[in-house]
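Here are the chains, one letter per residue:
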Amino acid sequence: MCLHSPGFSQAGKVGSLSYLKARNGIGGFNLGGFPTGEQAMGLTYLDGEGSKPDADSCITYEYHSDKPLDLEGGLTASHICIRTYQDKIVNIYVFFNRDQGYKMLSKFLHWYGTFTAKPNDYQDVYLWESRTVKLLLSYHPDDEQGIAVYTSVALTNAINAQNAKRLTQLLTSNDK
C-alpha cells in the first residue's frame, strides 16, 4: 500500500526545509490534520494507553494496515503511530528496521536538505527544524528499530501553552 505520493503540486523545493514544511508529514499522515476515513479505520489505541488522554491531553494510536507500509521513495515502515491533540495530528512516529537507517537518512537529505542539528557526533541522530515542522531521525546499529518523528510546532506550542495555563491555575488555587 502506498501511503503517500510525493506532492508534485506542493510548494517547496526538494532539498530544502521549505519542502519539509510543504510536505508536513509522511505516509499520507499530515501534521495538524485529521486522519482520513481510511486511516481512521486502521487506527487502534496504543497498547496500555486506552482511550484516555495523556498528561498533555493527547491520545496515541497505532496504524494497522492489511498491506505493507510502503511510504515513498522505496522507504518502508515496520509500523506507524500518531499522537493527536484535539483530534489533530501533533506527532507522526515512523518505525523502521535498522537496516533501513542509512536509506532513510539518504532520502531525508535528498528531500529536506542538510539537517539543522546533529545533537551527538557519536550517534546517528539528526534533526531538521523549521518554524512549523520538526523532524527527528534516530537509528543505531545495535537497536532493532529506528524512528523518524515528525512534530507540528504549532500544536506543540498550543499544548505547552495549555500546560502552562493549567500550572498557573493550580498554583494560584493553592495560594488561596
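First, a word on what this report is: a plain description of the structure on this page. None of the values given here were measured: they were computed from a predicted structure.

## Some remarks on unusual backbone geometry
With a phi angle near 65°, Ser-57 is a residue other than glycine that sits in the positive phi range. Looking at the element boundaries, Ser-57 is found in the loop between strand 3 (43-45) and strand 4 (58-63). One non-glycine residue, Asp-87, lies in the positive phi region at around 70°. Examined against the element boundaries, Asp-87 turns out to sit in the loop between strand 7 (79-85) and strand 8 (88-97). The class of Asp-87 is exposed, set by a relative accessible area of 52%.

## Observations regarding the nonpolar core
Residues Ile-92, Phe-108, Tyr-112, Trp-128, Leu-137 and Tyr-150 are the most contacted members of the largest nonpolar core, which totals 32 residues. Apart from the residues lying within four places of it in its own chain, the contact partners of Leu-137 are Phe-96, Met-104, Leu-105, Phe-108, Asp-124, Val-125, Tyr-126, Trp-128, Ile-147 and Ala-148. Core analysis: the second largest hydrophobic core is formed by five residues, Cys-58, Tyr-85, Val-90 and Ile-159 among them.

## Here we look at the packing of aromatic side chains
All told, the structure shown has twelve aromatic pairs when counted by the stated rule. Here Phe-29 and Tyr-63 contribute two aromatic rings whose centre-to-centre distance is 5.3 Å and whose plane-to-plane angle is 80°, an arrangement assigned as edge-to-face. Taken as a pair, Phe-29 in strand 2 (residues 29-30) and Tyr-63 in strand 4 lie far apart in primary sequence, 34 residues in all. Overall, Phe-29 belongs to the buried group, its relative accessible area being 1%.

## Side note on the pairing of strand 4
Burial of strand 4 is extensive: six of the six residues sit out of reach of the surface. What you see with strand 4 is no split at all: Cys-58, Thr-60 and Glu-62 on one side and Ile-59, Tyr-61 and Tyr-63 on the other are buried throughout.

## With respect to the pairing of strand 11 (residues 145-152)
A regular strand places its side chains so that they alternate between the two faces of the sheet. Burial runs high along strand 11: six of the eight residues are buried. Sheet topology places strand 8 next to strand 11; seven bridges connect them, and they run antiparallel. Paired with Asn-91 across the two strands is Thr-151, which belongs to strand 11. Between the end of strand 10 (residues 133-139) and the start of strand 11, which pair antiparallel, lie five residues.

What counts, and at which threshold
- Residues numbered from 1 in each chain as written.
- Predicted model: local features only at pLDDT ≥ 70, side-chain atom pairs only at ≥ 80, totals over all residues.
- Heavy atoms only, no water.
- Helix = DSSP H or I, 4+ residues; strand = E, 2+ residues; numbered from the N terminus.
- Buried < 20%, exposed > 50% of the residue type's maximum accessible area, 1.4 Å probe, protein only.
- Core = buried A, V, L, I, M, F, W, Y, C linked by side-chain atoms within 4.5 Å.
- Contact = heavy atoms within 4.5 Å.
- Phe/Tyr/Trp six-rings, centres within 6.5 Å; stacked < 30°, edge-to-face > 60°.
- Pairing = 2+ DSSP bridges.

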